[in-house]
Amino acid sequence: MSKENPKFNVGDIISFSRGLYHHWGVYYGQEHGKHYVVNVSGGESNSKPLAITSKLVKEELNKVAGKSAYSVYKELDKHNEPRSPEQMKADMDKMIGTKIKYDPFGKNCQHFATQIRYGKEISPEGESAAKSVGKNLSDFRAEMDPFSAFGTE
């Protein structure tokens, strides 16, 4: 997709290619001649590698993309009905600035994007990554965080 003249609609899921994975955002709209997306950004990690607190932010599309290629992702539209642009934009407005617990397998940026677009969390990329890690993701998590079995934070 051309970075100079992108064709987006409010609520489109934007896929940013990062090599081994994709980053996901939702097209917010154009302001002052610039395109914006809402996405999961940054992260504050505690001692648990898979417990990261991130924030939902509205950023310029080109800032999020950096040198990455990006495109509109509508593959999930085949089996899921997109909500109205008004519903999607209202939800994004409510969520901007919200902190979330990020989990690359169970609560990632694709989950956020599909929650906005379809009203439900879907992440084929997260599911695929979880399968490649192994059948027992909970065992993996426990290995990464030996205190998780005790239910401590």
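Residues numbered from 1 in each chain as written. Predicted model: local features only at pLDDT ≥ 70, side-chain atom pairs only at ≥ 80, totals over all residues. Heavy atoms only, no water.

**Student:** It is not clear to me how the pattern of salt bridges should be interpreted in this structure. Could you clarify?
**Tutor:** Oppositely charged side chains can form a pair if their charged atoms are brought close together. Going through the model one piece at a time under the given rule, you end up with ten salt bridges. Of the charged contacts in the structure, one is a salt bridge between Glu59 and Lys63, with a shortest N-O distance of 3.3 Å. Since its relative accessible area comes to 15%, Glu59 is described here as buried. Given the relative accessible area of 61%, Lys63 is considered exposed. Ionic contacts of the salt-bridge type, sharing partners, join the residues Asp12, Lys74, Asp77 and Arg117 into one network. (Salt bridge = Lys/Arg side-chain N within 4 Å of Asp/Glu carboxyl O. Buried < 20%, exposed > 50% of the residue type's maximum accessible area, 1.4 Å probe, protein only.)

**Student:** When you look at unusual backbone geometry in this model, what are you seeing that I'm missing?
**Tutor:** Glycine aside, negative phi is the norm for most residues, and most peptide bonds take the trans geometry. Of note, His32 is a non-glycine position whose phi angle comes to about 55°, a positive value. With respect to the helices and strands, the residue His32 is situated in the loop between strand S2 (22-31) and strand S3 (34-45). (Helix = DSSP H or I, 4+ residues; strand = E, 2+ residues; numbered from the N terminus.)

**Student:** Mind showing me how you'd approach the packing of helix H2 (residues 85-95) against helix H3 (residues 109-118) here?
**Tutor:** For any two helices packed against each other, one specifies the crossing angle of their axes together with the interaxial distance. The interhelical angle for the contact between H2 and H3, taken along N-to-C directions, is 135°, at an axis separation of 8 Å. Accordingly, the angle class assigned to the pair H2 and H3 is oblique. Residues Met88, Asp91, Met92 and Met95 of H2 form the contact with H3, whose own contacting residues are Phe112, Ile116 and Arg117. Each residue belonging to the contact of H2 with H3 can be placed in one class, and the counts come to five nonpolar, no polar and two charged. (Axes fitted to C-alpha atoms, helices over the stretch in contact; angles between N-to-C directions. Parallel < 35°, antiparallel > 145°, perpendicular 65-115°, else oblique. Contact = heavy atoms within 4.5 Å. Nonpolar A, V, L, I, M, F, W, Y, C, P; charged D, E, K, R; others polar.)

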